[in-house]
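Single-letter residue listing:
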Amino acid sequence: MRSYDVVIVGAGIAGMTAAIYVARAGKSVILLEERMHGGQIINTINIANWPAEPGISGAELSQKIYHQVNNLGVEVEYVKVLSVEESDEYLTEQDAKNAARRLFVVKTEDGDYTAKAVIVATGTEPRKLSESQMKDAGKRTVSYCATCDGAFFKGKPVVVVGSGNTARHEIAYLNNIASKVYHIHHDDPIPEDAVAVFVAIGRVPNTDAVKNIVDLDESGYIVAGENCKTSVPGIFVAGDCRVKDVRQLVTAAGDGAVAAAGVLAYLA
Ligand SMILES: Cc1cc2nc3c(=O)[nH]c(=O)nc-3n(C[C@H](O)[C@H](O)[C@H](O)COP(=O)(O)OP(=O)(O)OC[C@H]3O[C@@H](n4cnc5c(N)ncnc54)[C@H](O)[C@@H]3O)c2cc1C
């Protein structure tokens, strides 16, 4: 089993920012990422509200932060975390006497890691179609990203499911590509001639791996205040998977810094 001072789950903007702070403080740290570093922003062409770099693409921003992470010697493994559990061992003999800080075991699809502290920065993912709409979609392509997949349907009729800002954005984008863009709401029937279904019905938190150890709210977000401390001492949360009002890049990066500072104080 590989051992680190800090294991960070998720290499989005929150996780990578936390890694920068932890590494610069001289602690051993690994980022465990299921898909691609950068997280949900990597397909966004024009980023807004990121200071000093107006219009930078998500891919470029992610790559810049990743280089910084790399230059600090942070290890990154591309693997899905399945669970975070408390072990029977303590950080020090004193901790054992006080029944205080226990080591954590982070279980993945490819082996386990031990950590003195964990930062959960697993973000959110698009909400999936309902079972009935999935059935209705049949063999048609179902996509959660018009920017990624829209070009495959040039000159063809497509449908966008959803009613919020993201749906409006997807419709505007597809209007330049498809022959027709239908707009329907969640659970409306899918028009017969549409060849692809673009889904924009909101997002849900990626918190399955920690649902048995930390407190979640009724929507599955990790309960923690602005100090990013979860219900379990030693486990911190950063970014969009935390209960919060504003889910943006700067708040994700801010959480990364706060969670890292919390971890450093916890380990001191
Ligand atoms: C289309 C779109 C456009 C946006 N545009 C802007 C914008 O212009 N400006 C702005 O400020 N904000 C924007 N946002 C919001 C912004 O992207 C988010 O607030 C921010 O990226 C959240 O970062 P995060 O690190 O918390 O989470 P995420 O980016 O979601 O990263 C979480 C990472 O954790 C990984 N992960 C999840 N579960 C596991 C697991 N079990 N094991 C291992 N890894 C796991 C995921 O693969 C992912 O890489 C946009 C969001 C979207 C969807």
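Residues numbered from 1 in each chain as written. Predicted model: local features only at pLDDT ≥ 70, side-chain atom pairs only at ≥ 80, totals over all residues. Heavy atoms only, no water.

Draft legend 1. Fine view of the sheet that holds strand S11 (residues 196–199). Read from one edge to the other, the open sheet built from four strands follows the order S8-S11-S9-S10, with strand pairing classed as parallel. In the strand order of this sheet, the two ends are held by strand S8 (141–143) and strand S10 (180–184), each with one partner. Neighbour-to-neighbour, the strand axes of this sheet turn through a mean angle of 20°, independent of strand direction. Across four bridges, strand S9 (residues 157–161) lies against S11 in parallel orientation. Paired with valine 161 across the strands is valine 199, a residue of S11. Strands in contact with helix H6 (residues 165–175) are S9, S10 and S11; relative to S9, the strand with the most contacts, it is inclined by about 170°. (Pairing = 2+ DSSP bridges. Helix = DSSP H or I, 4+ residues; strand = E, 2+ residues; numbered from the N terminus. Axes fitted to C-alpha atoms, helices over the stretch in contact; angles between N-to-C directions. Contact = heavy atoms within 4.5 Å.)

Draft legend 2. Representation of the domain arrangement of the protein in the model. Domain parsing of the protein yields domain 1 (2–125 + 204–267) and domain 2 (128–199). For domain 1 versus domain 2, the separation of C-alpha centres amounts to 33 Å. (Domains from an automatic or database assignment.)

Draft legend 3. Summary view of the packing of helix H1 (residues 13–24) against helix H7 (residues 249–267). Running from N to C, H1 and H7 point in directions that differ by 40°, and their axes come no closer than 7 Å. Classified by the angle between their axes, H1 and H7 sit oblique to one another. Viewed along their axes, H1 and H7 form a crossing whose handedness is right-handed. Residues Ile13, Ala14, Thr17, Ala18, Tyr21 and Val22 of H1 form the contact with H7, whose own contacting residues are Leu249, Ala252, Ala253, Gly256, Ala257, Ala260 and Leu264. A per-class count over the contact of H1 with H7 returns eleven nonpolar, two polar and no charged. (Parallel < 35°, antiparallel > 145°, perpendicular 65-115°, else oblique. Left-handed = near helix turned anticlockwise from the far one by under 90°. Nonpolar A, V, L, I, M, F, W, Y, C, P; charged D, E, K, R; others polar.)

Draft legend 4. View of the state of the cysteines. This structure, assessed with the given rule, holds one disulfide. Of all cysteine sulfurs in the structure, the one in cysteine 228 sits closest to cysteine 241, which takes part in no disulfide; the separation is 9.4 Å. (Disulfide = S-S within 2.5 Å.)

Draft legend 5. Broad picture of the side chain of arginine 140. Here arginine 140 lies in the loop between helix H4 (131–137) and S8. Separated by 2.8 Å, the side chain of arginine 140 and the backbone oxygen of proline 191 make a polar contact. Excluding its chain neighbours within four sequence positions, the residues that come into contact with arginine 140 are Ile190, Pro191, Glu192, Ala194 and Val195. (Polar contact = N/O pair within 3.5 Å; in protein donor to acceptor, adjacent residues only side chain to side chain.)

Draft legend 6. Here's a closer look at the packing of H1 against helix H2 (residues 58–71). Remark: H1 packs on H2, axes separated minimally by 9 Å, with the N-to-C direction vectors making an angle of 25°. The angle between the axes of H1 and H2 places the two elements in the roughly parallel class. Remark: the crossing between H1 and H2 carries left-handed chirality. Contacts between H1 and H2 pair Ile13, Met16 and Ile20 from the former with Ser62, Ile65, Tyr66, Gln68 and Val69 from the latter. Of the residues that constitute the contact of H1 with H2, the class distribution is six nonpolar, two polar and no charged.

Draft legend 7. Here's a closer look at the packing of aromatic side chains. The tally for this structure, following the rule as stated, stands at three aromatic pairs. Centre to centre, the rings of tyrosine 4 and tyrosine 113 are 6.3 Å apart; their planes meet at 40°, and the pair counts as tilted. Within this pair, whereas tyrosine 4 is found in strand S1 (residues 2–9), its partner tyrosine 113 is found in strand S6 (residues 111–120), the two being separated by 109 residues in sequence. Tyrosine 113 matches tyrosine 4 in its accessibility class, with the two residues each being buried. An angle of 70° between the planes, with centres 6.4 Å apart, marks the rings of phenylalanine 236 and tyrosine 266 as edge-to-face. Placement of the pair is phenylalanine 236 in strand S13 (residues 235–237) and tyrosine 266 in helix H7, with a sequence separation of 30 residues. Residue tyrosine 266 is classed as buried on the basis of its relative accessible area, which comes to 16%. Looking at arginine 101, its charged tip hangs above the ring of tyrosine 266, at a distance of 5.9 Å from the centre. Looking at lysine 128, its charged tip hangs above the ring of tyrosine 144, at a distance of 5.2 Å from the centre. (Phe/Tyr/Trp six-rings, centres within 6.5 Å; stacked < 30°, edge-to-face > 60°. Buried < 20%, exposed > 50% of the residue type's maximum accessible area, 1.4 Å probe, protein only. Lys NZ or Arg CZ within 6 Å of the ring centre and 35° of its normal.)

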